[in-house]
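# What the coordinates show
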Amino acid sequence: MGFFTKDIKTMDDLFLHGLQDLYYAENQIAKSLPDMIEKATKPELKAGFEKHLAETEGQIERLRQVFELLETDPKGEKCPAIDGILKEGRELMSEIDDEDVMNVGLVAAAQAVEHYEITRYGALIAWAGELGHANCIPLFRANLAEEKATDEALTRMSEKRFNPKAAESKSEKKPDKKPAKKVAKKAAKKAKSTARRSPAKSAARPTPTKKTARKASRRRA
Ligand code: FE
Ligand code: FE
Ligand code: FE
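Below or above, wherever it landed, is the structure these notes cover. Nothing here was measured: the structure is a model prediction, and the numbers come from that model.

Our focus in this paragraph is the environment of lysine 78. You can see lysine 78 is positioned in the loop between helix 2 (43–69) and helix 3 (80–95). Spatially, the C-alpha atom of lysine 78 lies 9.9 Å from that of glutamine 28, the residues being 50 residues apart in sequence. In this structure the side chain of lysine 78 is engaged in a polar contact, spanning 2.8 Å, whose partner is the side chain of aspartate 83.

Given below as structure tokens:
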């Protein structure tokens, strides 16, 4: 950030800033997960964190591919929000002794992280559409699908704790909806076909309204 000039002038600048913010966030999350894996004693939670660490490494790789598509070097921009969320989680863990309480605290801390990621990927997908970077969208969508699936798995774990029977019968009725990988694949296919049809309008979802699109083009002009 410059002191005398503001560095984010256009929607393109905002988009790149958001990407760099998330790249930094994913890297910090990858660094924090081993500690959470170590602290978790519930096998289901430990395994869930291990799985998400592997996914997070893949997400970082996808973000690198986005930088490549934009012909920019991968670079992180400090994200005070994720630093704060992770710091709060670490501080909480250092205050807890009881194993069961620790597992519950870890679930909540992890959900705070997932929710932050979900909002950020949502914004990047919308902006990529608006700016004509349709080729980046499937990569963002693949990451978003994994964050959402992780968040849902964490919710199921906490529901099970309060009402084990209800949580079980619920998961029997609708087992896992669509796996994240399937969702990501489908999104990639769709983005490809819309990109072929009309690159400028390939926005995919969510499509900006006429009003916001007009505003954006005025801003860019
Ligand atoms: Fe992530
Ligand atoms: Fe941020
Ligand atoms: Fe995540």
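On we go from here.
Distances from the iron ion (ligand 2) to its protein donors, Asp21 (OD), Asp21 (OD), Cys79 (SG) and Tyr116 (OH), fall within 1.9 to 2.5 Å. Spacing between the donor residues of the iron ion (ligand 2) along their common chain follows D-x57-C-x36-Y. Linking cysteine 79 in the loop between helix 2 and helix 3 with tyrosine 116 in helix 4 (residues 99–130), this pair joins segments that are 37 residues apart in sequence. We note that cysteine 79, like tyrosine 116, is buried.

Counting residues in hydrophobic clusters, the biggest one holds 45 residues, and the most contacted among them are Met36, Leu45, Phe49, Leu63, Ile82, Leu106 and Phe140. Elements represented by at least two residues in this core include exactly helix 1 (11–39), helix 2, helix 3, helix 4 and helix 5 (137–162). Sort the elements by how many residues they give to this core and helix 1 lands first, with 12 residues. Aside from chain neighbours lying at most four places away, what touches leucine 45 is Ala40, Asn103, Leu106, Val107, Leu154 and Met157.

This next bit is on a negative patch on the surface. Negative charge collects at one region of the surface, where Asp97, Asp98, Glu99 and Asp100 lie side by side. Residue position: aspartate 97 is located in the loop between helix 3 and helix 4.

Let us look at the packing of helix 2 against helix 5. Contact geometry for helix 2 and helix 5: axes closest at 9 Å, N-to-C directions at 165°. By the angle between their axes, helix 2 is roughly antiparallel relative to helix 5. Helix 5 is crossed by helix 2, and the crossing has left-handed handedness. Here Glu44, Leu45, Phe49, His52, Glu55, Gln59, Arg62, Leu63, Gln65, Val66 and Leu69 of helix 2 come into contact with helix 5, specifically with Leu139, Phe140, Ala142, Asn143, Glu146, Glu147, Thr150, Leu154, Met157 and Lys160. Tallied by class, the residues present in the contact of helix 2 with helix 5 amount to 10 nonpolar, five polar and six charged.

This part takes up unusual backbone geometry. Here glutamate 71, not a glycine, exhibits a phi torsion of approximately 55°, which is positive. Note that glutamate 71 resides in the loop between helix 2 and helix 3. A relative accessible area of 75% places glutamate 71 in the exposed class.

The next thing to look at is the pattern of salt bridges. What the rule picks out here adds up to eight salt bridges. Close ionic contact of glutamate 55 with lysine 51 constitutes a salt bridge, the shortest N to O distance being 3.8 Å. You can see glutamate 55 and its partner lysine 51 sitting in helix 2, four residues apart, about one turn around the helix. Note on glutamate 55: relative accessible area 17%, which makes it buried. In this structure, aspartate 83 engages lysine 78 in a salt bridge whose closest nitrogen and oxygen atoms are separated by 2.8 Å. On the basis of relative accessibility, which here comes to 57%, the residue lysine 78 falls in the exposed class.

Thresholds, definitions, all that
Residues numbered from 1 in each chain as written. Chains lettered and ligands numbered in written order. Predicted model: local features only at pLDDT ≥ 70, side-chain atom pairs only at ≥ 80, totals over all residues. Heavy atoms only, no water. Helix = DSSP H or I, 4+ residues; strand = E, 2+ residues; numbered from the N terminus. Polar contact = N/O pair within 3.5 Å; in protein donor to acceptor, adjacent residues only side chain to side chain. Donors = N, O, S within 2.8 Å, 3.2 Å for Na, K, Ca; no water. Buried < 20%, exposed > 50% of the residue type's maximum accessible area, 1.4 Å probe, protein only. Core = buried A, V, L, I, M, F, W, Y, C linked by side-chain atoms within 4.5 Å. Contact = heavy atoms within 4.5 Å. Patch = residues over 30% accessible without salt bridge, like charges linked within 9 Å, V, L, I, M, F, W, Y side chains within 5 Å. Areas by Shrake-Rupley, 256 points an atom, 1.4 Å probe, with all protein chains shown as cover. Salt bridge = Lys/Arg side-chain N within 4 Å of Asp/Glu carboxyl O. Lys, Arg positive; Asp, Glu negative; His and termini not counted. Charge placed at Lys NZ, Arg CZ, Asp CG, Glu CD. Axes fitted to C-alpha atoms, helices over the stretch in contact; angles between N-to-C directions. Parallel < 35°, antiparallel > 145°, perpendicular 65-115°, else oblique. Left-handed = near helix turned anticlockwise from the far one by under 90°. Nonpolar A, V, L, I, M, F, W, Y, C, P; charged D, E, K, R; others polar.

These values are about where atoms sit, not about what they do.
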